[in-house]
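# Architecture and fold: a report
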Amino acid sequence: MKLPLFLLPLFAAASFAMAAEESPVAKMLGEFKAEVEQLDATLAKNPDSTRALSARGDAHLFLGQFPQAVADYEKMIAIDPSLDAPHWRLGIAYHFTRQWEKSSKQFAKYHAYDGHDRENGVWKFLADAHAHDLATARQEMLKYTEFDREPFPAIYDLLAGRMTGDQFQAHLDDKKVSDNRHALFYGQYYRGLFEELNGHRDKALASLRAAVALFPAGDAASGGPGYMWQCARLHLAQLEKK
């Protein structure tokens, strides 16, 4: 999804004296914690800074502090209502806090703001399926008439029941997709969420693990799908704990 430039997270350049044996994920989480502390200080001085709230909301979400992320994102909108429609990240935060109706409504707002981003339709579908059932989610799927980036048309067909899991995997195995790590990431991530939705825990775990493994921790430095990679990591951690 496209992130408006004025909402880009302001990640702090904090340095840490980390132990040699510390894992990349532990190091990354330490950096997010330090960022929250720095942004706490910034917001203590300027509580209406939507840029600082945006960045802190992201850091909270990446730390798995979902209610805090929702609070920061909602405060941004209270301060500047024009930020509401483009705020798909709030829809994802509602997803992680299992506020399915609010999540669905937020993605509907984003669709009115940007009707070309089929990834948004995937999230609305997931919210509707959790809030109601698969049949309702399929009935309420957002409509798209233009091609979106790979592999989102195929993901949409998978969710809608127009493509089987085997057919979807064959699509991912096609060279035009398999040679694109980003396309593979999104294909595995959303297939994982769909498998979880259908109660197929082992298949969901396999897909989510494949998605996360495509990029190293701290993947933004390697050109990975930063925000969505963090979401995949969090979904994998949640499912592993179940």
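Residues numbered from 1 in each chain as written. Predicted model: local features only at pLDDT ≥ 70, side-chain atom pairs only at ≥ 80, totals over all residues. Heavy atoms only, no water.

### A closer look at the overall build of the chain
Looking only at helices and strands, the chain has 13 helices and 0 strands in total. Counting helices and strands in the order they occur from the N terminus, the chain gives α-α-α-α-α-α-α-α-α-α-α-α-α. Counting all 242 residues of the chain, 48% fall into the buried class. Looking at the chain alone, contacts between residues at least 24 apart form 58% of all its contacts between residues at least 6 apart. Accessible surface, the chain: about 11400 Å² in total, of which carbon and sulfur atoms supply 53%. (Helix = DSSP H or I, 4+ residues; strand = E, 2+ residues; numbered from the N terminus. Buried < 20%, exposed > 50% of the residue type's maximum accessible area, 1.4 Å probe, protein only. Contact = heavy atoms within 4.5 Å. Areas by Shrake-Rupley, 256 points an atom, 1.4 Å probe, with all protein chains shown as cover.)

### Quick look at the confidence of the model for the chain
Overall, the prediction assigns the chain a mean pLDDT of 90, with 88% of residues at 70 or greater. Contacts for the low-pLDDT stretch residues 8-20, under 50 throughout, to residues beyond four places or in other chains number 18 contacts. (pLDDT = per-residue confidence, 0-100.)

### As for the packing of aromatic side chains
Applying the stated criterion to the full structure yields 16 aromatic pairs. Ring geometry for Phe 62 versus Tyr 227: centroids 5.1 Å apart, planes at 65°, classification edge-to-face. Remark: Tyr 227 occurs in helix 13 (residues 226-241) and Phe 62 occurs in helix 2 (residues 50-62); sequence separation between them is 165 residues. Classification of Phe 62 by relative accessible area gives buried; the value is 3%. Ring plane angle 75° and centroid distance 6.2 Å describe the contact between Phe 185 and Phe 215, whose orientation is recorded as edge-to-face. With Phe 185 in helix 11 (residues 181-197) and Phe 215 in the loop between helix 12 (201-213) and helix 13, this pair connects stretches of sequence that are 30 residues apart. Among the aromatic residues, ring-to-ring pairing joins Phe 107, Trp 123, Phe 152, Phe 185, Tyr 186, Tyr 189, Tyr 190 and Phe 215 into one connected group. Across from the ring centre of Tyr 186, 5.5 Å away, lies the NZ or CZ of Arg 149, which sits over that ring. (Phe/Tyr/Trp six-rings, centres within 6.5 Å; stacked < 30°, edge-to-face > 60°. Lys NZ or Arg CZ within 6 Å of the ring centre and 35° of its normal.)

### Details of helix 12
Its 13 residues give helix 12 an end-to-end C-alpha distance of 18 Å, which sits within 8% of 18 Å, the value for a rise of 1.5 Å per residue. Among all positions of helix 12, only Ala 204, Leu 205, Ser 207, Leu 208, Ala 211 and Val 212 are buried. The inward-facing, buried residues of helix 12 contact helix 11 and helix 13. (Expected span 1.5 Å × (residues − 1).)

### Points about the pattern of salt bridges
Inspection of every chain in the model, using the stated rule, returns 15 salt bridges. Two residues, Arg 56 and Asp 72, come together in a salt bridge whose shortest N-O distance is 2.8 Å. Here Arg 56 is found in helix 2, whereas its partner Asp 72 is found in helix 3 (residues 66-79), with 16 residues between them in sequence. Residue classification places Asp 72 among the buried positions, given a relative accessible area of 4%. The closest approach of N and O atoms between Glu 196 and Lys 242, which form a salt bridge, is 3.1 Å. One end of the pair, Glu 196, is in helix 11; the other, Lys 242, is in the segment after helix 13, with 46 residues separating them in the sequence. Residue Lys 242 is classed as exposed on the basis of its relative accessible area of 60%. Where salt bridges share partners, they join Asp 117, Glu 119, Asp 148 and Arg 149 into one cluster. (Salt bridge = Lys/Arg side-chain N within 4 Å of Asp/Glu carboxyl O.)

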